[in-house]
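Tertiary structure, described
For reference, the chains in residue letters:
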Amino acid sequence: MDGINLSNPVFVTYAIASSLLVLKLMGQGWMTVYRMMRVDGGFVSPEDLRKTPLNPNPRPQQLDTDDYVDRSRRMHRNDLENIPGFWMAGFLMVIVSPPLWLAQCLMYGFVAARVAHALAYATKQTHDVRATFYTIGSLIVIFMALYVLWAVLF
Ligand code: GSH
């Protein structure tokens, strides 16, 4: 039952959670693209002001910071600060063979916390709501890393 294969339910849990998070991370870039197209601006690089088929009417204001677009970039950055840690700690968790119930609580809990964080950020909930979901996800990854360390050292 142990090991990196589909007969190990802990690995299956990790594979499902990790794949969902890949989709979240990749999708976030597309949300930024969608938002830039919607407002016709929110660009960050001066060369984006060149006239092209995608930007037939370039103007300097397109480089102004736009919260609608920038919010998606901040969400993306926050994902990048949190999700890679999960991929690594989660993979190491599979190797140290935790109980299935614990792996499912932690891994699906992390996915749920990140989805909730994204919804809170995108819909402009209060800082405390967003921070709560961030904290849950962050503590899960920290717990997983400590669990692995404990299993390896003792
Ligand atoms: N790089 C983050 C920051 O500067 O805020 C580190 C702390 C963090 O991730 N905080 C959470 C967050 O959503 C809860 S307040 N930060 C907003 C962000 O990263 O854009």
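All values derive from a computational prediction rather than experimental measurement.

A look at the overall build of the protein chain
- Check the secondary structure of the protein chain and you find 4 helices and 0 strands.
- Starting at the N terminus, the α and β elements of the protein chain follow one another as α-α-α-α.
- Against the 2.2 N^0.38 benchmark of 15 Å for 154 residues, the protein chain shows a C-alpha radius of gyration of 19 Å, more extended than a compact globule.
- With respect to the principal axes defined by its C-alpha atoms, the protein chain has extents near 60 × 35 × 25 Å.
- Within the protein chain, the fraction of its 154 residues that count as buried is 35%.
- Put simply, of all contacts in the protein chain between residues at least 6 apart along the chain, 71% involve residues at least 24 apart.
- When the accessible surface of the protein chain is split by element, carbon and sulfur atoms take 69% of a total near 9,100 Å².
- Computed over 13 positive and 11 negative side-chain charges, the inter-centroid distance for the protein chain is 5 Å.

Examining the packing of helix α1 (residues 9-39) against helix α2 (residues 67-95)
- It is the contact of α1 with α2, at a shortest axis distance of 10 Å, that shows an interaxial angle of 165°. Judged on the interaxial angle alone, α2 and α1 are roughly antiparallel. The way α1 lies across α2 gives a crossing that is left-handed.
- Grouping the amino acids of the contact of α1 with α2 by side-chain chemistry returns 20 nonpolar, 7 polar and 6 charged.

Brief notes about the packing of α2 against helix α3 (residues 100-122)
- Contact geometry of α2 with α3 gives a least axis separation of 11 Å together with a crossing angle of 175°. As judged from the angle between their axes, α2 and α3 are roughly antiparallel. Here Arg71, Arg74, Met75, Asn78, Asp79, Asn82, Ile83, Phe86, Gly90, Met93 and Val94 of α2 come into contact with α3, specifically with Leu106, Met107, Phe110, Arg114, His117, Ala118, Tyr121 and Ala122.
- Of the residues contributing to the contact of α2 with α3, the split by class is 11 nonpolar, 4 polar and 4 charged.

Considerations on the packing of aromatic side chains
- Within the structure shown, the criterion is met by 6 aromatic pairs.
- The interplanar angle of 20° and the centroid separation of 6.3 Å between the aromatic rings of Tyr14 and Phe86 together place this pair among those described as stacked. Residue Tyr14 is found in helix α1, and its partner Phe86 is found in helix α2; the two are separated by 72 residues along the sequence.
- Among the residues examined, Tyr14 registers a relative accessible area of 9% and is labelled buried.
- With 6.1 Å between their ring centres and 40° between their planes, Phe143 and Tyr147 make a pair best called tilted. Here Phe143 and its partner Tyr147 are both found in helix α4 (residues 127-153), 4 residues apart, which amounts to about one turn of the helix.
- Given the relative accessible area of 38%, Phe143 is considered partly exposed.
- One aromatic cluster in this structure is built from Phe11, Tyr14, Phe86, Phe91 and Phe110.

Rules and cut-offs
- Residues numbered from 1 in each chain as written.
- Predicted model: local features only at pLDDT ≥ 70, side-chain atom pairs only at ≥ 80, totals over all residues.
- Heavy atoms only, no water.
- Helix = DSSP H or I, 4+ residues; strand = E, 2+ residues; numbered from the N terminus.
- Rg over C-alpha atoms; globule rule 2.2 N^0.38 Å.
- Buried < 20%, exposed > 50% of the residue type's maximum accessible area, 1.4 Å probe, protein only.
- Contact = heavy atoms within 4.5 Å.
- Areas by Shrake-Rupley, 256 points an atom, 1.4 Å probe, with all protein chains shown as cover.
- Lys, Arg positive; Asp, Glu negative; His and termini not counted.
- Charge placed at Lys NZ, Arg CZ, Asp CG, Glu CD.
- Axes fitted to C-alpha atoms, helices over the stretch in contact; angles between N-to-C directions.
- Parallel < 35°, antiparallel > 145°, perpendicular 65-115°, else oblique.
- Left-handed = near helix turned anticlockwise from the far one by under 90°.
- Nonpolar A, V, L, I, M, F, W, Y, C, P; charged D, E, K, R; others polar.
- Phe/Tyr/Trp six-rings, centres within 6.5 Å; stacked < 30°, edge-to-face > 60°.

Geometry only, nothing functional implied.
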